[in-house]
Amino acid sequence: QVQLVESGGGLVQAGGSLRLSCAASGSIFSINAIHWYRQAPGKQRELVAAMITSGSTNYADSVKGRFTISRDNAKNTVYLQMNRLKPEDTAVYYCRVVISGIAYWGQGTQVTVSS
């Protein structure tokens, strides 16, 4: 059974940076894809960053050039580096990792950006 534990959220001023971590535990054999979502109050959950098996990445227009998705294989951890944060980035952020064809979700971590 795979579990994903998120960390790294918090309060930051506009223009600042945060790095979210999503640590995987359990049996991990093949990671097919990595996704980061966010959900602000009253809004639909939004895909902000994705990495597929080929290594290709995609970002929502709202975060392109500011956010970067990455992975540390040795630590079984995926990351979302968030730079030049804006108040509109405030949301709960969730990682989603597809392992051997099965999707697992992190518990979410709150990111609050003050102006």
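Not measured: the values here are computed from a predicted model.

Visitor: Hey, could you go over the pairing of strand β11 (residues 109–114) for me, with residue numbers and the actual values?
Guide: Burial along β11 is one-sided: Thr109, Val111 and Val113 are buried, and none of Gln110, Thr112 and Ser114, which face the opposite way, are. Judged from the four bridges that link them, strand β2 (residues 10–13) and β11 form a sheet pairing that is parallel. From the neighbouring strand, Val12 faces β11, where its bridge partner is Val113. Pairing geometry for strand β9 (residues 91–99) and β11, over three bridges, is antiparallel. Paired with Tyr93 across the two strands is Thr109, which belongs to β11.

Visitor: So what's going on with the environment of Trp105? Residues and values would help.
Guide: As for its placement among the helices and strands, Trp105 is situated in strand β10 (residues 102–105). Distance from Trp105 to Thr68, taken between C-alpha atoms, is 19 Å for residues 37 residues apart in sequence. Setting aside anything within four residues of it in sequence, one finds Trp105 in contact with Leu4, Tyr37, Arg45, Tyr94, Cys95 and Arg96.

Visitor: Talk me through the environment of Arg66; I want residue IDs and the actual numbers.
Guide: Mapped onto the elements of the fold, Arg66 is located in the loop between β6 (57–59) and β7 (67–72). The buried category is assigned to Arg66, whose relative accessible area is 5%. If we ignore the near neighbours within four places in the chain, the residues touching Arg66 are Gln81, Met82, Asn83, Arg84, Leu85, Lys86 and Asp89. In this structure the side chain of Arg66 is engaged in a polar contact, spanning 2.8 Å, whose partner is the backbone oxygen of Ser62.

About the cut-offs
Note that residues are indexed from 1 along each chain, following the sequence as it is written. With the structure being a predicted model, the display of local features is reserved for residues of pLDDT at least 70 and the display and counting of side-chain atom pairs for 80 or more, all residues being used for whole-chain, interface and lining totals. Heavy atoms throughout the structure, all of them, feed into the side-chain values; hydrogens and water do not. The rule is simple: take the accessible area with a 1.4 Å probe, protein chains only, and divide by the maximum for that residue type; under 20% is buried, over 50% is exposed, in between is partly exposed. Numbering of helices and strands runs from the N terminus, with a helix taken as a DSSP run of H or I at least four residues long and a strand as a DSSP run of E at least two residues long. Strand pairing is defined by DSSP finding a minimum of two bridges between the two strands. For this analysis, residues touch if any pair of their heavy atoms sits within 4.5 Å. Under this definition, polar contacts are N or O atom pairs within 3.5 Å; protein pairs additionally need one hydrogen-donor-capable and one acceptor-capable atom, and for neighbouring residues in sequence, both atoms have to be side-chain atoms.

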